[in-house]
Amino acid sequence: MTIAADSAAVSKSDSQRRIANRLKRARGQLNAVIEAVESGADCRTVVNQLAAVSSALDRAGFAVISTAMRDCATDPEGAADGDKLDFDELEKLFLSLS
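Thresholds, definitions, all that
- Residues numbered from 1 in each chain as written.
- Predicted model: local features only at pLDDT ≥ 70, side-chain atom pairs only at ≥ 80, totals over all residues.
- Heavy atoms only, no water.
- Helix = DSSP H or I, 4+ residues; strand = E, 2+ residues; numbered from the N terminus.
- Contact = heavy atoms within 4.5 Å.
- Areas by Shrake-Rupley, 256 points an atom, 1.4 Å probe, with all protein chains shown as cover.
- Salt bridge = Lys/Arg side-chain N within 4 Å of Asp/Glu carboxyl O.
- Buried < 20%, exposed > 50% of the residue type's maximum accessible area, 1.4 Å probe, protein only.
- pLDDT = per-residue confidence, 0-100.

**Looking at the overall build of the protein**
Working step 1: The helix and strand tally for the protein stands at three helices and zero strands.
Working step 2: When the helices and strands of the protein are read in sequence order from the N terminus, they spell out α-α-α.
Working step 3: Sequence separation of 24 or more characterises 57% of the internal contacts of the protein that already satisfy a separation of 6 or more.
Working step 4: Total accessible area on the protein is roughly 7200 Å²; 57% of this is exposed by carbon and sulfur atoms.

This is the structure in structure tokens:
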């Protein structure tokens, strides 16, 4: 593996770790929403917590797409055939989050 490929693998691993951490935080926030609903919390509290979950999931989704775009731009031939995304597919994924 070349130094550039080695660096890309570390970067991808780091990106995956950060995305997983975002999703774990979102899971924790969703658990808080469920607890709030089950305990009869007021509407304002539930909606504020739902907004936080929604934002966390959106950020995770954008991070996934950003990572894929970066990987595609820096090493368009490096992904396995089943993993390749062209820019049209990336755009479609990006827009699905909006």
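**Topic: the pattern of salt bridges**
Working step 1: Tallying each qualifying case throughout the model produces two salt bridges.
Working step 2: Between Arg17 and Asp14 there is a salt bridge, with its nearest N and O atoms 2.4 Å apart. Of the two residues, Arg17 and Asp14 are both situated in helix α1 (residues 3–38); the distance of three residues between them amounts to about one turn of the helix.
Working step 3: A relative accessible area of 28% places Asp14 in the partly exposed class.
Working step 4: In this structure, the salt-bridge partner of Asp14 is Arg18, at a minimum N-O distance of 3.4 Å. Pair noted here: Asp14 and Arg18 are both in helix α1, with a separation of four residues, about one helical turn.
Working step 5: The structure contains a network of salt bridges with shared partners spanning Asp14, Arg17 and Arg18.

**Some words on the confidence of the model for the protein**
Close reading of the predicted structure is inappropriate where its pLDDT is low.
Working step 1: For the protein, the mean per-residue pLDDT works out to 81, and 78% of the residues sit at or above 70.
Working step 2: Across the protein, helix α2 (residues 43–74) holds the top mean pLDDT of 88, while helix α3 (residues 87–96) sits lowest at 82.

**Some thoughts on the environment of Gly61**
Working step 1: By the element assignment, Gly61 lies in helix α2.
Working step 2: According to the relative accessible area criterion, Gly61 is buried, its value standing at 17%.
Working step 3: Sequence separation between Gly61 and Ser96 is 35 residues, and the spatial gap between their C-alpha atoms is 9.7 Å.

**So, the side chain of Ser15**
Working step 1: Note that Ser15 resides in helix α1.
Working step 2: Those residues within four positions of Ser15 in sequence are excluded, and the remaining contacts are Thr67 and Arg70.

**Describing the environment of Ala63**
Working step 1: Locating Ala63 in the fold gives a position in helix α2.
Working step 2: For the pair formed by Ala63 and Ile19, sequence separation is 44 residues and the distance between their alpha carbons is 6.6 Å.

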